[in-house]
Amino acid sequence: MGKFNLDGIGMTSQRTRDRLVDRLVSQGIQDARVLELIGKIPRHIFIEEALAHRAYEDTALPIGHGQTISQPYIVALMSQTLFNIPRAKILEVGTGCGYQTALLAHLADSVYSVERIEALMPGARERFGALGINNVHTRIGDGYEGWERFAPFDGIIVTAAPPEIPQALLAQITEGGRLVMPVGNAASQHIQIVDNLDGDLVQSTGDAVRFVPMLRGIA
């Protein structure tokens, strides 16, 4: 298990997690599996030790390199939206610290996660190992391109916001599959949901959100 304290932060950890779950329920999160995972996955190991006391607040926190670990409500909302039905093979664009990835790993058979910032990946992989997660496949790459080698995917989730949905990602949604991602600019972003219905891509708009911008290339 290495350097990670998987048991939480003192005696209050489980109580604070339970309060977080109760808050998510009050905000409309209904998926029992997502709520259970939010309550069990040790979010504190995905952030710097200096911020660990804030791990179970419903807020985004910095993880370095200009990136953040998403607010638990947004993680739960996007996960609930993606898994409106069971989905076996998932593409995640934006591994980051690996928190959203860890949740996906418990909901799907396999997760393919792409991260453009090379410095973030070793920590994410170490956390997956500490948690015994072995169904996540990772690579450094340009998220705009998805992961064509393993496409198509039953679900695609993106954790950064481009100005419009990349065409390569739309092409990697299998029939019956769904893409969930933020789209917009610094002033206005909304969750976009795209369903592949017998080859027709049907798009709908969800909640207003605020994510870091989705950038091209590798850093």
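These remarks concern the structure in this document. (Residues numbered from 1 in each chain as written. Predicted model: local features only at pLDDT ≥ 70, side-chain atom pairs only at ≥ 80, totals over all residues. Heavy atoms only, no water.)

Moving on, we get to the environment of Lys 89. If you trace the backbone, Lys 89 turns up in strand β3 (residues 89-93). On the basis of relative accessibility, which here comes to 24%, the residue Lys 89 falls in the partly exposed class. Between the C-alpha atom of Lys 89 and that of Asn 196, which follows or precedes it by 107 residues, the distance is 15 Å. Each residue touching Lys 89, except ones within four places of it in the same chain, is listed here: Ser 110, Tyr 112, Phe 150, Ala 151, Pro 152, Phe 153, Asp 154 and Gly 155. (Helix = DSSP H or I, 4+ residues; strand = E, 2+ residues; numbered from the N terminus. Buried < 20%, exposed > 50% of the residue type's maximum accessible area, 1.4 Å probe, protein only. Contact = heavy atoms within 4.5 Å.)

This brings us to the pairing of strand β5 (residues 136-140). Of the pairings in the sheet, the one linking strand β4 (residues 110-115) to β5 comprises five bridges and is parallel in character. Bridge pairing in β5 places Val 111 opposite Val 136. With helix α5 (residues 121-130) bridging β4 and its parallel neighbour β5, the resulting β-α-β unit is right-handed. (Pairing = 2+ DSSP bridges. Right-handed = clockwise from strand over helix to strand, strands pointing away.)

Here the focus is helix α1 (residues 13-26). When the terminal C-alpha atoms of α1 are compared, their 20 Å separation across 14 residues agrees well with the 20 Å that a helix rising 1.5 Å per residue should span. Backbone geometry just downstream of α1 places Gly 28 in the positive-phi region, at approximately 105°. (Expected span 1.5 Å × (residues − 1).)

Within a beta sheet, neighbouring strands are joined by backbone hydrogen bonds and run either parallel or antiparallel to one another. Ordered by their spatial adjacency, seven strands build an open sheet running β5-β4-β3-β6-β7-β8-β9, and the pairing between neighbours is mixed. Looking at strand neighbours, the two that pair on one side only are β5 and β9 (200-208), the edges of this open sheet. Neighbour-to-neighbour, the strand axes of the sheet open up by a mean angle of 15°, direction not taken into account. Note: strand β8 (residues 189-197) against β9, seven bridges, orientation antiparallel. (Axes fitted to C-alpha atoms, helices over the stretch in contact; angles between N-to-C directions.)

Time to look at the pattern of salt bridges. Per the stated rule, a full pass over the model turns up six salt bridges. Here Glu 36 and Lys 40 are joined by a salt bridge, their closest N and O atoms 2.8 Å apart. On the criterion of helical spacing, the pair formed by Glu 36 and Lys 40 is a turn pair, its members being four residues apart in helix α2 (residues 32-40). Lys 40 sits in the exposed class, given a relative accessible area of 55%. (Salt bridge = Lys/Arg side-chain N within 4 Å of Asp/Glu carboxyl O.)

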